[in-house]
Amino acid sequence: MWLLYAGIALIAATALVLRYTSIGIAIHAAGAEPKAVDKSGLSVTRIRYGCVLFAGFMASLSGAFLSIGDIHTFTEGMTRGAGYLAIASVIFGNGE
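One structure accompanies this document, and this report is about it.

Criteria and cut-off values
- Residues numbered from 1 in each chain as written.
- Predicted model: local features only at pLDDT ≥ 70, side-chain atom pairs only at ≥ 80, totals over all residues.
- Heavy atoms only, no water.
- Helix = DSSP H or I, 4+ residues; strand = E, 2+ residues; numbered from the N terminus.
- Buried < 20%, exposed > 50% of the residue type's maximum accessible area, 1.4 Å probe, protein only.
- Contact = heavy atoms within 4.5 Å.
- Areas by Shrake-Rupley, 256 points an atom, 1.4 Å probe, with all protein chains shown as cover.
- Arc of directions from axis to C-beta.
- Core = buried A, V, L, I, M, F, W, Y, C linked by side-chain atoms within 4.5 Å.
- Patch = residues over 30% accessible without salt bridge, like charges linked within 9 Å, V, L, I, M, F, W, Y side chains within 5 Å.
- Salt bridge = Lys/Arg side-chain N within 4 Å of Asp/Glu carboxyl O.

### Structural notes on the overall build of the protein
- Scanning the protein from N- to C-terminus turns up five helices and zero strands.
- The linear arrangement of helices and strands in the protein, starting from the amino end, is α-α-α-α-α.
- The buried share among the 96 residues of the protein stands at 8%.
- A sequence separation of at least 24 residues applies to 22% of the contacts in the protein between residues at least 6 apart.
- Surface exposure of the protein reaches about 7900 Å², of which carbon and sulfur atoms provide 69%.

### So, helix α2 (residues 22–32)
- The set of residues buried in α2 consists of Gly24, Ala26 and Ala30. End-on view of α2: buried residues confined to an arc of 160°, all on one side of the axis. Exposed residues on α2 whose side chains face more than 90 degrees from its buried face are Ser22, Ile25 and His28.

### Section: the nonpolar core
- In this structure, Ala26, Ala30, Val37, Val44 and Ile47 together form the largest nonpolar core, which totals five residues.
- Dropping the residues within four chain positions of it, valine 44 is found in contact with Ala30, Pro34, Val37 and Asp38.

### Concerning a nonpolar patch on the surface
- A contiguous nonpolar surface patch, about 790 Å² in accessible area, is contributed by Met1, Trp2, Leu3, Leu4, Tyr5, Ile8 and Phe65.
- Counting residues per element, the nonpolar patch draws most heavily on helix α1 (residues 2–20), which supplies five residues.
- Looking at the element boundaries, phenylalanine 65 is found in helix α4 (residues 44–70).

### Structural notes on the environment of alanine 36
- Following the sequence through the fold, alanine 36 ends up in helix α3 (residues 34–39).
- For alanine 36, a relative accessible area of 45% gives the class partly exposed.

Written out as structure tokens, the structure is:
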């Protein structure tokens, strides 16, 4: 149960960082206006790779929670197609 609360706290912290800090502004600008970030002296590539690594870390935590925290073991078909739903939402949302 504590993993659920830790996940919610991590989501809230990430949202606050993205919304109210200069790092969040740089991340948003690296996606929307990469030329402006480049002219400010920051590395667009470094910001984007950092965000991809963070997203991979979060995905690995969710997989660990699914297999260990929720059902205490790995079983075949435990995601019940949730990955396909995520892909479909990205496709229908035009990748945004």
